[in-house]
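# Inside the fold
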Amino acid sequence: MRCAPAVLWADSRLHRLSRGRWSLLGIAGLPSLRLTTVGRRSGVRHTTGLLYFPDGDTFVVVGSNWGRPRDPDWAFNLRAEPDATVTVGGVPAPVRAREVRGEAHAALWRRLLEFWPGYGAEARWAGRELPVFVLAPRS
């Protein structure tokens, strides 16, 4: 987790240089996307690279924030404005976010841990329940 800033920096450069075709997660064989949200206070668009769990035609993302005690800014932004954009393989698509809570969260969390066991460690380090968002295509 101490390497997070360097990983984010390198991933951002690789993504830009490849015009959205490559990411560090993708090279490692993991599904990744670029999530663009609107800042809840600034109104400025922000883009971040994330691991995602493919679930049918939706993208499931977890607000682990690398195991930090605070939710990531993009989670706060999605709560304020659920309409966002995901870019996968250089192709942007509009999505609407829905935060999963309660029993649905518990059920999806079990599937997420099977997909990426690291989420369990990040939740322990963070000392909080990690938020889970389902990003569904907007028509």
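Right above here is the structure, for reference.
Quick caveat, the model's predicted, so the values are computed rather than measured.

Okay, the nonpolar core next. Core analysis: the largest hydrophobic core is formed by 15 residues, its most contacted members being L33, L35, V61, W74, L78, F133 and L135. Mapped by element, the contributors of at least two residues to this core are β1 (32-38), β4 (58-62), α3 (73-80), β5 (83-88), β6 (91-100) and β7 (132-137). Of the residues forming this core, the biggest block, three residues, is contributed by α3. Residues contacting F133, with those up to four places away along its chain left out, are F59, V60, V61, W74, A75, L78, R79, A97, R98 and E99.

Scanning the entire structure with this criterion turns up four aromatic pairs. For the pair Y52 and F59, a centre-to-centre distance of 5.2 Å together with 70° between the ring planes defines the contact as edge-to-face. The buried category is assigned to Y52, whose relative accessible area is 11%. Both rings, one in W109 and one in Y119, keep their centres 6.2 Å apart while their planes meet at 40°; by these two values the pair is tilted. With W109 in helix α4 (residues 102-115) and Y119 in helix α5 (residues 118-126), the pair connects residues that are 10 residues apart, well separated along the chain. Here W109 matches Y119 in class, with each residue buried. Geometry around F76 places R79 over its ring, the cationic atom sitting 5.4 Å from the centre.

Basis of the calculations
- Residues numbered from 1 in each chain as written.
- Predicted model: local features only at pLDDT ≥ 70, side-chain atom pairs only at ≥ 80, totals over all residues.
- Heavy atoms only, no water.
- Core = buried A, V, L, I, M, F, W, Y, C linked by side-chain atoms within 4.5 Å.
- Buried < 20%, exposed > 50% of the residue type's maximum accessible area, 1.4 Å probe, protein only.
- Helix = DSSP H or I, 4+ residues; strand = E, 2+ residues; numbered from the N terminus.
- Contact = heavy atoms within 4.5 Å.
- Phe/Tyr/Trp six-rings, centres within 6.5 Å; stacked < 30°, edge-to-face > 60°.
- Lys NZ or Arg CZ within 6 Å of the ring centre and 35° of its normal.

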